[in-house]
Amino acid sequence: MAVSEEQLQEILNRYPDKVKKGRKKHILIKDSSQAKQVIEANTRTIPGIITNRGCAYAGCKGVVVGPLKDMVHITHGPVGCGYYSWGTRRNKAKSDDPTKNFINYCVTTDMQESDIVFGGEKKLAKVIDEVVEIFKPNAITVNATCPVGLIGDDIGAVAKAAQERHGIPVLAFSCEGYKGVSQSAGHHIANNILMDRIIGDTDVEEAPGPYAINMLGEYNIGGDAWEIERTLKEIGYTVVSTMTGDGSYEHLRNAHTASLNLVQCHRSINYIAEMLEKKYGTPWLKVNFIGIEATINSLREMALYFGDEALIQKTEEVIAREVARIQPIIDQYRKVCEGKTAFCFVGGSRGHHYQGMYRELGIETVLAGYEFAHRDDYEGRQVIPEIKPDADSKNIPELHVTADEKRFCLKISPEKMEELKQKISLSYYAGMNCEMKDGYVIVDDLNHYETEEFIKILKPDIFSSGIKDKYVVQKMGIPSKQLHSYDYSGPYAGFNGAVNFARDIAMSFASPTWNFIVPPWKNEPLLEGKMAEGEEKAC
Amino acid sequence: MLDATPKEIKVRSSGGLINPAKTCQPIGAMYAALGIHKCLPHSHGSQGCCSYHRMHLTRHFRDPIMASTSSFTEGSSVFGGAANLKTAIKNVFTIYNPDIIAVHTTCLTETIGDDLPTIIKSAEIPEGKLVIHANTPSYQGSHITGFSNMVKGAISYLAESTMPVKKDQVNIIPGFVNPGDMREIKRIAKIMGAKFILFPDTTGVVDSPMTGKFEMYPKGGTTIAEIKDTGNSKLTLALGRFASSDGAELLEKKCKVPALALKTPIGVKATDEFVMALRRFAVREVPYELEEERGQLVDIMTDTHFHFHGKKVALFGDPDILTGLTEFVLSLGMVPVHILTGTPGGAIGSGMGSFEEDIQEMLTNAGVTANVKGNGDLFTLHQWIKNDPVDLLIGTTYGKYIARAEDIPFVRVGFPVLDRSVHSYFPIVGYRGAMRLIEMISNALLDRQDRDAADEDFELVM
């Protein structure tokens, strides 16, 4: 099943001319006969279009910074932003010392009209003081919301003064919601400051164990990071830090000691990966722990990187054992799923990652896309030099790092690096598009109207996205799976995650509830029983 | 769970909140706008606001919540949002074809001072279509005042007095309650034989049926014609002073429809008052059907009073809900010892009395002393409970952390309830709603008694 150019044109024709022109560039029908298919991404959402996108604050505090558990995150602004980002992203976290786990707290300056008029700096300073007194956290973050930037509160200065007053790091993030065009701006702002202020802010020079890695862009939704860690630890890896699910200031500081950085969500964190390579000489590997095949590939590529025979052997042992354990279970679920089709439209990397897992269940992804990706997430990192900065991206400060004089060391030789690059995704991401089949649709920032139209044409059996469109699609009688929150299930990463996902997807199809949508009287004529004698049955 | 919360209470003078018990105005405005038939709510600000509000409302109702946004970027914040709003209005009418767009502002657009009436006047609005607005800066009030402001916005744009003599109909503003509550309010009004306009009315919109077909604008909602006609009514009943009074007062000012403020009809006493108001209006005796329901409720209350009597309870949530709940738990013989709302005192500019005074008066009459706070946060509530433990906690889903930390039975009431389903379909208002509340409260208390009982004390009949 595919979409023709004519059908696509018909969808676009409903739009006013200007909108039509804009949206056209965000939609591709995959055609491998073309040398290159360019998609527009990371540009402004057209006002009035019902989008799933959020804002820079959501990307900074909501996604990247918020999961760090031993820090208190202060939202500087009116009450709403802090409130909505409180516990809603399922970043699970546990601590040996529960008095140092602030994941269930939400602190906001609750700006009032007088703060807007006279400035909120004094109030923010007072809130920081209270937080230090009550919670004694290891560090504090201050996250700005829309009005803060407009009224010109200097949160950097307030944070700096507070840091001097209290002797703990107080980091200010100017992640006002209007910055950039989506959450992505917020990821970038968050990454810059974590890199600049936390990573390496310690005397520790040695990793706490062998085969030391950082897990980047892994947010521990539903416990994903824990399931990945289970396997990694068994093979013999040392996880220095996770960014940022179940992450902590204490561990993040030591991230420079790792020998390899794994990048799970490319969009949200590739900045840190690149900067770590520049500053410390640590390469990054694009991994994907969603689905059995992807997990196996990632584990094998990691083992190849370290190149240690014992590690390679242990990796194969673990893979063999895990696959033998879970494949039969997955095969059972596959029977229910085989031959079906899916839409996969999710935030940063999931729109790509879940396609493999779907395929393992016999489900083809006929439409995919990202909410806030950039062109490189679709087309691969080689397009980065082609991407011209626009006014919105220019507003996000760039952090320029250079090699750390003392700590920079190439973790592998340049020759080895080149050799490995031929074999594995070292410091490279090929993007989503190359995995999609011809005729399938790629849509950037898929909006409500297009969702409805593409569903009419492609009639997918399952739709995977977030909460805002979930019930829209379910009302159409199509099961919908949240891939932001996993519908409060999970983990979905790693080997056990694959089983959970297969179970949950099969359940979506197998549930008898779908059979009740049409009431019996809709299919049976009312007149049947009222026919006069001798007449034929009503049609 | 919440292990970092100390028992010792220190005065916090910053004005910041730890674990808020309120959220911002725009979400309330969005919810009220959904109660207008064929209306698309529009959030004028950054797209994050719209996204967060849709997310939160969707999680509470488990139904589609459609709304559009002006999608501000830095440029629009500097140069003003007029261009964004005009583009949005054009696009929304072309692509989504609502009858009416209800725009609400955000802290961003309020801070830069976008002049909504002027922008709307200069926008391209197709023949027969409408755009209304409400100012809902997030740095004032709460989601409850936001709801109230959108009700006011709709009345200010739409309501008109077109008849020399008022019609024999009553306006009912239900407040920020679930569609299940609105259905119950309508059912009672029908039984009482009153001709009424419920506004806003989210029934059929956020509890729409599964049909196998998505409807952008489901059957429900108050129609524009009905909202216009509210100006011709003889009376407005504002249920819940914080969410509904301002709208009713505006209607009185604009169209000379007298306003009567009542409590949200939670519990026997507040429902009695609602029924009595309808009785006076419809000049009709209360039908036996309703009297029977009331009798059943009181029967249940007396049959089960020993489960509740003297039990200490902590309550938090929205002020209108809390006023009814406090009165109800007092009528069950329970002792409310901590009562907290996040919404600040009186609604902005309404000149209404404060939440704390309202509650204190009820408590004084019942001879109960308690901690009562408006504009509070859940950190405060938790500390109160640590110092003076309770047998039961009633509030929104956010209370589950306190309930777990302190091992307290917990009943979910109010907005939002994010971790349970079906709640939005069933009322807590009216006599039937009170029965349901009793069932929820007693189940929570008795489940706990069972859980804590030694084998030899574990009883079949309770």
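Computed from a predicted structure; not experimentally measured.

Thresholds applied
- Residues numbered from 1 in each chain as written.
- Chains lettered and ligands numbered in written order.
- Predicted model: local features only at pLDDT ≥ 70, side-chain atom pairs only at ≥ 80, totals over all residues.
- Heavy atoms only, no water.
- Helix = DSSP H or I, 4+ residues; strand = E, 2+ residues; numbered from the N terminus.
- Rg over C-alpha atoms; globule rule 2.2 N^0.38 Å.
- Contact = heavy atoms within 4.5 Å.
- Areas by Shrake-Rupley, 256 points an atom, 1.4 Å probe, with all protein chains shown as cover.
- Buried < 20%, exposed > 50% of the residue type's maximum accessible area, 1.4 Å probe, protein only.
- Lys, Arg positive; Asp, Glu negative; His and termini not counted.
- Charge placed at Lys NZ, Arg CZ, Asp CG, Glu CD.
- Pairing = 2+ DSSP bridges.
- Axes fitted to C-alpha atoms, helices over the stretch in contact; angles between N-to-C directions.
- Polar contact = N/O pair within 3.5 Å; in protein donor to acceptor, adjacent residues only side chain to side chain.
- Buried area = accessible area lost by both parts, 1.4 Å probe.
- Salt bridge = Lys/Arg side-chain N within 4 Å of Asp/Glu carboxyl O.
- Parallel < 35°, antiparallel > 145°, perpendicular 65-115°, else oblique.
- Nonpolar A, V, L, I, M, F, W, Y, C, P; charged D, E, K, R; others polar.
- Patch = residues over 30% accessible without salt bridge, like charges linked within 9 Å, V, L, I, M, F, W, Y side chains within 5 Å.
- 1 Å grid on protein atoms, 1.4 Å probe; cavity = no way out; pocket = protein on both sides within 12 Å on 5 of 7 lines; lining within 4 Å.
- Points joined across faces, edges and corners; volume = space filled by probe spheres on them.
- Right-handed = clockwise from strand over helix to strand, strands pointing away.

(A) Representation of the overall build of chain B in the model. In terms of helices and strands, chain B carries 17 helices and 14 strands. Computed over the C-alpha atoms, the radius of gyration of chain B is 22 Å, within 12% of the 23 Å expected from 2.2 N^0.38 for a compact globule of 462 residues. With respect to the principal axes defined by its C-alpha atoms, chain B has extents near 75 × 55 × 50 Å. Partitioning the intrachain contacts of chain B with sequence separation of at least 6 by distance along the chain shows that 75% fall at a separation of at least 24. When the accessible surface of chain B is split by element, carbon and sulfur atoms take 51% of a total near 16500 Å².

(B) Expanded view of the overall build of chain A. A tally of helices and strands in chain A yields 21 helices and 14 strands. Against the globule reference of 24 Å for 539 residues, chain A gives a C-alpha radius of gyration of 25 Å, in line with a compact fold. Out of the 539 residues belonging to chain A, those deemed buried represent 63%. Sequence-distant contacts, at least 24 apart, represent 76% of the contacts inside chain A between residues at least 6 apart. Accessible surface, chain A: about 20700 Å² in total, of which carbon and sulfur atoms supply 52%. In chain A, which carries 63 positive and 74 negative side-chain charges, the distance between the mean positions of the two groups comes to 1 Å.

(C) Fine view of the sheet that holds strand E2 (residues 39-44) of chain B. Residues and elements named next belong to chain B. What the four strands build is an open sheet, ordered E3-E2-E4-E5; its pairing is parallel. The outermost strands of the open sheet, each flanked by one partner alone, are strand E3 (68-69) and strand E5 (130-134). Alignment of strand E4 (residues 100-105) against E5, held across five bridges, turns out to be parallel. Bridge pairing links His104 to Ala134 in E5. The strands touched by helix H1 (residues 25-34) within the sheet are E2 and E4, with E4 carrying the most contacts at an inclination of about 170°.

(D) Quick look at the side chain of Arg53(A). Residue and element names in this part refer to chain A. Topologically, Arg53 is positioned in the loop between strand E1 (27-29) and helix H3 (56-65). A distance of 2.8 Å separates a polar atom in the side chain of Arg53 from a polar atom in the side chain of Thr45. In terms of polar contacts, Arg53 uses its side chain to reach the backbone carbonyl oxygen of Val181, at 3.4 Å.

(E) How the structure looks around the environment of Leu381(B). Along the chain, the position of Leu381(B) falls in helix H15 (residues 378-387). Those residues in contact with Leu381(B) that sit more than four places away from it in its chain are Ala314(B), Phe316(B), His338(B), Leu340(B), Leu393(B) and Ile402(B).

(F) Inspection of the sheet that holds strand E14 (residues 480-482) of chain A at higher detail. Residues and elements named next belong to chain A. Within the open sheet, the six strands sit side by side as E1-E12-E11-E10-E13-E14. Their pairing is mixed. With one partner strand each, in any of the chains shown, E1 and E14 form the two edges of the open sheet. On average, each strand axis in the sheet is tilted by 15° relative to the strand beside it, whichever way the strands run. Direction of pairing for strand E11 (residues 364-370) relative to strand E12 (residues 441-443): parallel, over a ladder of two bridges. Its bridge partner being in E12, Ala368 is matched across the sheet by Ile442.

(G) Structural detail: the interface of chain A and chain B. At the interface, 73 residues of chain A touch 75 residues of chain B. In total, chain A and chain B occlude about 6600 Å² of area from one another, counting both sides; carbon and sulfur atoms represent 62% of this. A per-residue breakdown of the area chain A buries against chain B is headed by Tyr83(A), Tyr84(A) and Lys475(A), which together make up 13% of the total. Here chain A is connected to chain B by three salt bridges. Here Glu133(A) makes a salt bridge to Lys10(B), at a shortest N to O gap of 2.9 Å. At the boundary of chain A and chain B, one finds 30 residue pairs in polar contact (both at pLDDT 80 or more).

(H) Quick peek at the packing of helix H14 (residues 309-337) of chain A against helix H21 (residues 494-510) of chain A. All names here are of chain A. At their nearest, the axes of H14 and H21 sit 9 Å apart, and the two run at 10° to each other. It follows from the interaxial angle that H14 and H21 lie roughly parallel. Taken together, the residues of H21 that come into contact with H14 (itself represented by Ile319, Glu322, Val323, Arg325, Ile326, Ile329, Ile330, Tyr333, Val336 and Cys337) are Phe495, Asn496, Ala498, Val499, Ala502, Arg503, Ile505, Ala506, Phe509 and Ala510. Considered class by class, the residues forming the contact of H14 with H21 number 16 nonpolar, one polar and three charged.

(I) Just a negative patch on the surface, in detail. A cluster of acidic residues, Asp455(B), Glu456(B), Asp457(B) and Glu459(B), forms a negative patch on the protein surface. Following the sequence through the fold, Asp457(B) ends up in the segment after helix H17 (430-452).

(J) Expanded view of the layout of surface pockets. Residues and elements named next belong to chain A. Quantified by volume, the second largest pocket comes out at close to 1200 Å³. Lining the second largest pocket we find 45 residues, and of these Asn42, His374, Asp376, Ile384 and Ile387 sit closest to its centre. Of all the elements in the fold, those that place two or more residues in the lining of the second largest pocket are helix H1 (5-13), E1, helix H9 (183-198), helix H12 (266-280), helix H16 (375-379) and helix H17 (391-394). Broken down by element, the lining of the second largest pocket gets its largest block of residues, six residues, from H12. For the lining of the second largest pocket, the per-class residue count stands at 18 nonpolar, twelve polar and 15 charged.

(K) Here's a closer look at the pairing of strand E8 (residues 260-263) of chain A. All names here are of chain A. Where burial is concerned, the two faces of E8 agree: the one with Leu260 and Leu262 and the one with Asn261 and Val263 are both buried. Bridge count for strand E6 (residues 212-218) against E8 is four bridges, and the pairing is parallel. Across the sheet, Ile213 pairs through a bridge with Leu260, a residue of E8. Here E8 runs beside strand E9 (residues 284-286); their pairing, made up of three bridges, is parallel. Among the inter-strand pairings, Leu262 is bridged to a residue of E9, identified as Leu285. Taking the sense of rotation as the criterion, the β-α-β connection linking E8, H12 and E9 turns out right-handed.

(L) View of the environment of Val257(B). Structurally, Val257(B) can be placed in the loop between helix H10 (241-255) and strand E9 (259-262). For Val257(B), a relative accessible area of 0% translates into the label buried.

(M) The pattern of salt bridges, seen in detail. Residues and elements named next belong to chain B. Counted by the stated rule, this structure contains 61 salt bridges over all chains. For Lys38, the salt bridge identified is with Asp99, shortest N-O distance 3.8 Å. Here the residue Lys38 occupies a position in the loop between H1 and E2, and Asp99 occupies one in the loop between helix H4 (82-95) and E4, the gap between them amounting to 61 residues. Measuring nitrogen to oxygen at the nearest pair gives 2.8 Å for the salt bridge that ties Arg187 to Glu184. With a gap of three residues between them, Arg187 and Glu184 both fall in helix H8 (residues 179-191), about one helical turn apart.

(N) Representation of unusual backbone geometry. Note the cis peptide between Gly490(A) and Pro491(A), where omega equals -5°. Mapped onto the fold, Pro491(A) is located in the loop between E14 and H21. A cis amide bond links Phe415(B) to the next residue, Pro416(B), at an omega of 0°. Topologically, Pro416(B) is positioned in the loop between strand E14 (410-412) and H17. With a phi angle near 60°, Arg90(A) is a residue other than glycine that sits in the positive phi range. On the secondary structure map, Arg90(A) appears in the loop between helix H4 (79-84) and strand E3 (107-108). Phi is positive for Val422(B), close to 75°, though the residue is something other than glycine.

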